[in-house]
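# Architecture at a glance
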Amino acid sequence: MTLGALLLVASAVTLVAAKPQHIVFIVADDFGWNDVGFNNPDMITPNINALAQGGIILNQSYVQPVCTPSRNSWMSGYYPFRSGLSHGVILPQQAVCAPTNRTYPP
């Protein structure tokens, strides 16, 4: 077996044996910069701090000022004005929803 074939087989075995990664996003409304312990020692958030230490902290993000546009952007990958949801919060009685022709996470 040549060295190239051996490396190819070793790479294939590594890819098959690799476990899928778990991704956890925490999306919270009205959650400020100083509302977590890893940014503000006065806040007691041990579980969130542990998750942050073992993962990646996304702290250079742009969000919308209210929940509907922010959630739609996060779930669809599109800016709210591309989805027609930049107007504000969708209330229960409104006949409005995110575009149904897009794929969203489960």
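Within each chain, residue numbers correspond to sequence positions counted from 1 in written order. It should be noted that, the model being predicted, local features are given only for residues of pLDDT at least 70 and side-chain atom pairs only at 80 or more, the latter also being counted only at that level, while totals for whole chains, interfaces and linings use all residues. Side-chain numbers here rest on the full set of heavy atoms in the structure, without hydrogens or water.

### What about the overall build of the protein?
Along the backbone of the protein there are four helices and zero strands. Each helix (α) and strand (β) of the protein, taken in turn from the N terminus, gives the series α-α-α-α. Relative to its full complement of 106 residues, the protein shows a buried share of 14%. For the protein, the accessible surface area stands at approximately 9,000 Å², while carbon and sulfur atoms represent 61% of it. Working definition: helices are DSSP H or I runs of at least four residues, strands are E runs of at least two. Numbering for both runs from the N terminus. Working definition: with a 1.4 Å probe on protein chains only, accessible area under 20% of the residue-type maximum means buried, over 50% means exposed, and in between means partly exposed. Only the protein chains shown count as cover for residues, and all accessible areas are computed by the Shrake-Rupley method using a 1.4 Å probe.

### Structural notes on the packing of aromatic side chains
Any two of the Phe, Tyr and Trp rings considered here, Trp counted by its six-membered ring, make a pair once their centres fall within 6.5 Å; the pair's planes then place it as stacked at under 30 degrees, edge-to-face at over 60, or tilted in between. Under the definition given, this model contains one aromatic pair. Ring geometry for tyrosine 79 versus phenylalanine 81: centroids 6.0 Å apart, planes at 15°, classification stacked. Take tyrosine 79: its relative accessible area is 56%, and that puts it in the exposed class. Overall, the relative accessible area of 54% leaves phenylalanine 81 in the exposed class.

### Considerations on the confidence of the model for the protein
In the predicted model, the protein carries a mean pLDDT of 78, and 82% of its residues have values of at least 70. Per-residue pLDDT stays below 50 along residues 1-13; that stretch engages in one contact with residues further than four places along the chain or on separate chains. Confidence scores labelled pLDDT are given residue by residue by the predictor and lie between 0 and 100. We call two residues contacting when some pair of their heavy atoms lies within 4.5 Å.

### What about the side chain of serine 76?
Mapped onto the elements, serine 76 comes out in helix α3 (residues 67-76). The buried category is assigned to serine 76, whose relative accessible area is 14%. Separated by 2.7 Å, the side chain of serine 76 and the backbone oxygen of asparagine 72 make a polar contact. A polar contact of 3.2 Å, which involves the side chain of serine 76, links it to the backbone nitrogen of tyrosine 78. Once you skip the residues sitting within four places of it in the chain, serine 76 turns out to touch Ser83 and Tyr104. Whenever two N or O atoms come within 3.5 Å, that pair is a polar contact, provided that in protein one can donate a hydrogen and the other can accept it, and provided that, for residues adjacent in sequence, both atoms are side-chain atoms.

### A look at a nonpolar patch on the surface
Together, Ile23, Phe25, Val27, Ile56, Leu58, Trp74 and Met75 make up an exposed nonpolar region whose accessible area comes to about 800 Å². Tracing the backbone shows isoleucine 56 in the loop between α2 (46-53) and α3. Distance thresholds for patches are 9 Å for like charges and 5 Å for nonpolar side chains (Val, Leu, Ile, Met, Phe, Trp, Tyr), applied to residues having over 30% relative accessible area and no salt bridge. One speaks of a salt bridge when a side-chain nitrogen belonging to Lys or Arg is within 4 Å of a carboxyl oxygen belonging to Asp or Glu.

### Remarks on α3
Every buried residue of α3 is accounted for by Thr68, Pro69, Ser70, Asn72 and Ser76. Summarising the contacts, the buried residues of α3 are in contact with α4 (80-83). Downstream of α3 by a residue or two, glycine 77 has a phi angle that is positive, lying close to 85°.

### Looking at the environment of isoleucine 90
Mapped onto the secondary structure, isoleucine 90 falls in the segment after α4. Exposure remark for isoleucine 90: the relative accessible area of 25% places this residue in the partly exposed category. Expressed as a C-alpha distance, the spacing of isoleucine 90 and threonine 68, which sit 22 residues apart in the sequence, is 6.3 Å.

### Remarks on the environment of proline 99
With respect to the helices, strands and loops of the structure, proline 99 is situated in the segment after α4. Here the alpha-carbon distance between proline 99 and leucine 85, two residues 14 residues apart in the chain, equals 9.2 Å.

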